[in-house]
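Structural description and commentary
This is what each chain is made of:
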Amino acid sequence: MRKSKWKEYWKTKEYLGGGGLLLLCVVTVFLFWKEFMQDSAAHGTVQIAYLIVAAIVVVGIMLLYYMVALRKAKIQHIYLVIAVTLGIVYCVLIPPYAVPDEPVHFEECYDISNFLLGTGKAETGKIYMRASDAKPPFDAYPTIETYRDICQNTFILCDDNTIVEVKRDSGDSNSLCYIIPGIGLTVGRMLHLGTVLTFELARWINYIVFMLLIYWSLKKIPIGKNCILIFSMLPMVLQQAMSVSYDCITNGIAVFLIAQCLYMVFQEGNIRGRDLAIYGVFAAALAGIKGGVYLPVCCLALIIPMKKFASKKRYFLSAGIICAVIFVSFLAANYSILSSVMIKNQDGSSVSGLEMQEIENSELSKEVYITGREEHYSISDIISNPQHYGKVMLSTFKVYGDFYLQSMLGGTLGWLDIEIPWWILCGFMATLLFSVVETNEMVLSFKQKLWLGIIFCTMVVLILTVMYVSWTPVGCPQVLGVQGRYFLPGLLLLLFVFKNRMILAKGDICSVLISAAMCLQVCTWFFALKSILS
């Protein structure tokens, strides 16, 4: 039996993809070692860590192609091998605090941890932390020195659990998003782990939950399995997943919500109450995140045909209950934010004479506005002057459109200071587009695809509008503070719009897509490390 499998494997020439990827990985490891790791600045522990991660990647690639080519494993099981391998790489490549706003996210996790351990709540604007965690032994921006400090402090235990009160930078946020990493932080503190291991434990528990959500999505969704797999392999998705940011849970919930909805659309027979309940729970969770900008994605269930329900009465009753649950969750999670946004600024005058200064950085050109006072747009500004609002929106897409695409796929990792070449991003875009090509002839109708497009566009407008009224100073010609990663929860909706019966694959192209995505990942690691260390 084993001999026949090997014969079939050699006949199909699937070894070319796995062998080529393995060769690319080995060559990349060697070239990077020769270029950077032999340098005297590279500490011995960093060199050892590099070799260990490289060995794990090589073993992971071998195991991956064993499962793909010989075992013919199910895609959700293949994903677990990919996720663990890539998770280890991004855990090391993007260390704690190197993900945007991660110090703030760790403060929110500490709030949860303090509650679980009964530490108590500090006064407004402050938070209780372990003394060792208040001043981590590493910098927020990854450098060779950062990697050295992390390697040297990884296995150090914390003997001093002295609690200190420190100033916090976080504001209003949904604490539910931080329960999972907060538990990991709590376990690390109870085990007296050092700062590095405690923070990494919180990140890994968050990542494991993300893995499980993608695993269940791949198992449940009837179409577009390759789309979800490649989506989960995007550099930006992996960076945010391997962090304590709420983007990790947000992206995972959004993917599962889409999978659950499509499962109900294509399943045989009438929709069961249990499936609707699962959808309602995850939709309610997504509705309370980031000011409700993902509410349109929660309305995805409207693509389910009425004929899938036992009667019209059951259809409208189910829709009403789900909408009510989503609305209540949205209000409960965002009441304080809504109150502050809806209140008109005391001084309604516009700021005039804004000066704009172009600053050229390595990652992107940022527009810095020097204003006399901090004053943002409000809802009433949109109502009273919709024409100006529309001009700002159009100008925003014109100026920042390429940056949104770049930062959505992963062209600017870390604190937007780790640049990945555009040709790699184009490769990921092509892989995403090809992932919609399947042997499966099940597709959505034109009306359902139109609704998906409307949902995505509405989500984008909501994200920009929220940043318009909460982050953009009056008089600015573009909306500030928006990054492409905010659009990731709706990206899959666009991919399903392109799926059709005109372009079908003659056979399963999953192995080809995996080879392409993994090759692009190897190139991403090389250029990311080159950007960091050079």
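Source: prediction; values computed, not measured.

Comments concerning the overall build of the protein chain
A count of helical and extended segments in the protein chain gives 21 helices and six strands. A separation of at least 24 residues holds for 80% of the contacts in the protein chain among residues at least 6 apart in sequence.

Re the layout of surface pockets
There is about 920 Å³ of room inside the second largest pocket. Considering the residues around the second largest pocket, the lining is formed by 37 residues, among which A49, Y50, V53, I88 and V92 are closest to the centre. Listed by contribution, the elements that provide at least two residues to the lining of the second largest pocket are helix 2 (15-37), helix 3 (44-70), helix 4 (75-93), helix 7 (144-153), helix 9 (195-220) and helix 21 (510-533). It is helix 3 that contributes the most residues to the lining of the second largest pocket, ten residues altogether. For the lining of the second largest pocket, a count of residues per class yields 33 nonpolar, three polar and one charged.

Let's talk about the confidence of the model for the protein chain
Per-chain confidence: the protein chain averages 84 in pLDDT, with 85% of residues scoring 70 or above. Note on residues 344-373: pLDDT under 50 across the span, and 55 contacts to partners over four residues away in sequence or across chains.

Description of the packing of helix 8 (residues 179-190) against helix 9
Between helix 8 and helix 9, whose axes approach to 7 Å, the crossing angle comes to 145 degrees. For the pair helix 8 and helix 9, the crossing hand works out as right-handed. Each of I180, P181, G184, L185, V187, G188 and R189 in helix 8 lies in contact with helix 9, whose residues at this interface are T198, F199, L201, A202, I205, N206 and V209. Residues belonging to the contact of helix 8 with helix 9 are distributed by class as follows: nine nonpolar, four polar and one charged.

Describing helix 8
In an α-helix, one turn spans 3.6 residues, which is why side chains three or four residues apart end up on the same side. Across its twelve residues, helix 8 extends 16 Å between first and last C-alpha, which sits within 8% of the 16 Å expected from 1.5 Å per residue. Considered for burial, the residues of helix 8 that qualify are P181, G182, G184, L185, T186, G188 and R189.

So, the pattern of salt bridges
Applying the stated rule across the entire model yields eleven salt bridges. One salt bridge in this structure joins R168 and D111, with 2.9 Å as the shortest N-O distance. Of the two residues, R168 sits in the loop between strand 2 (163-167) and helix 8 while D111 sits in helix 5 (residues 102-117), which places them 57 residues apart along the sequence. Across the pair D133 and R130 runs a salt bridge whose closest N-O atoms are separated by 2.8 Å. Take D133: its relative accessible area is 0%, and that puts it in the buried class.

Quick word on the environment of K398
For K398, the position within the fold is in helix 17 (residues 386-409). Overall, K398 belongs to the exposed group, its relative accessible area being 75%. For the pair formed by K398 and Q478, sequence separation is 80 residues and the distance between their alpha carbons is 9.3 Å.

Details of helix 12 (residues 246-266)
Between its terminal C-alpha atoms helix 12 stretches 30 Å, which fits the 30 Å expected from 21 residues at 1.5 Å a residue. Of all 21 residues that make up helix 12, 19 are buried, and the element is covered over most of its length. For helix 12, the capping residue at the N-terminal end is S245, with a side-chain oxygen 3.1 Å from the backbone nitrogen of D247.

A look at empty space enclosed by the protein
For the coordinates displayed, the defined rule picks out one cavity of 30 Å³ or more. Roughly 40 Å³ of internal volume is contained in the largest cavity. Around the largest cavity, the lining residues are Y79, I82, A83, L86, Y207, F210, S232, M233 and L238. Element by element, the count of residues in the lining of the largest cavity is highest for helix 4, at four residues. Tallied by class, the residues present in the lining of the largest cavity amount to eight nonpolar, one polar and no charged.

Remarks on the side chain of T85
Inspection of the secondary structure assignment puts T85 in helix 4. Under the relative-accessibility criterion, T85 is labelled buried at 6%. Among the polar contacts made by the side chain of T85, one reaches the main-chain carbonyl oxygen of V81 at a distance of 2.9 Å. Setting aside anything within four residues of it in sequence, one finds T85 in contact with V57 and G60.

Focus: the side chain of Q521
Among the secondary structure elements, Q521 is positioned in helix 21. Apart from residues no more than four positions distant in its own chain, Q521 is found in contact with L86, Y90, M233, L234, P235, L238 and F428.

Overview of the packing of aromatic side chains
Using the criterion set out here, one finds 19 aromatic pairs in the structure. Between F403 and Y404, the ring centres sit 6.2 Å apart and the planes meet at 50 degrees, which makes this aromatic pair tilted. Comparing F403 with Y404, the two get one shared label, buried. An angle of 85 degrees between the planes, with centres 6.0 Å apart, marks the rings of W423 and F527 as edge-to-face. Of this pair, W423 sits in helix 18 (residues 422-434) while F527 is found in helix 21, placing the two residues 104 residues apart along the sequence. The class for W423 is partly exposed, based on a relative accessible area of 49%. Assessed through its relative accessible area of 23%, F527 is described here as partly exposed. Connected via pairs of aromatic rings, a cluster forms that spans F397, Y400, F403, Y404 and F487. Sitting over the face of the ring of Y263, K220 holds its NZ or CZ atom 4.9 Å from the ring centroid. The lysine or arginine in question, K290, covers the ring of Y486, its NZ or CZ lying 4.2 Å from the ring centre.

Here is what the cut-offs are and how they apply
- Residues numbered from 1 in each chain as written.
- Predicted model: local features only at pLDDT ≥ 70, side-chain atom pairs only at ≥ 80, totals over all residues.
- Heavy atoms only, no water.
- Helix = DSSP H or I, 4+ residues; strand = E, 2+ residues; numbered from the N terminus.
- Contact = heavy atoms within 4.5 Å.
- 1 Å grid on protein atoms, 1.4 Å probe; cavity = no way out; pocket = protein on both sides within 12 Å on 5 of 7 lines; lining within 4 Å.
- Points joined across faces, edges and corners; volume = space filled by probe spheres on them.
- Nonpolar A, V, L, I, M, F, W, Y, C, P; charged D, E, K, R; others polar.
- pLDDT = per-residue confidence, 0-100.
- Axes fitted to C-alpha atoms, helices over the stretch in contact; angles between N-to-C directions.
- Left-handed = near helix turned anticlockwise from the far one by under 90°.
- Expected span 1.5 Å × (residues − 1).
- Buried < 20%, exposed > 50% of the residue type's maximum accessible area, 1.4 Å probe, protein only.
- Salt bridge = Lys/Arg side-chain N within 4 Å of Asp/Glu carboxyl O.
- Polar contact = N/O pair within 3.5 Å; in protein donor to acceptor, adjacent residues only side chain to side chain.
- Phe/Tyr/Trp six-rings, centres within 6.5 Å; stacked < 30°, edge-to-face > 60°.
- Lys NZ or Arg CZ within 6 Å of the ring centre and 35° of its normal.

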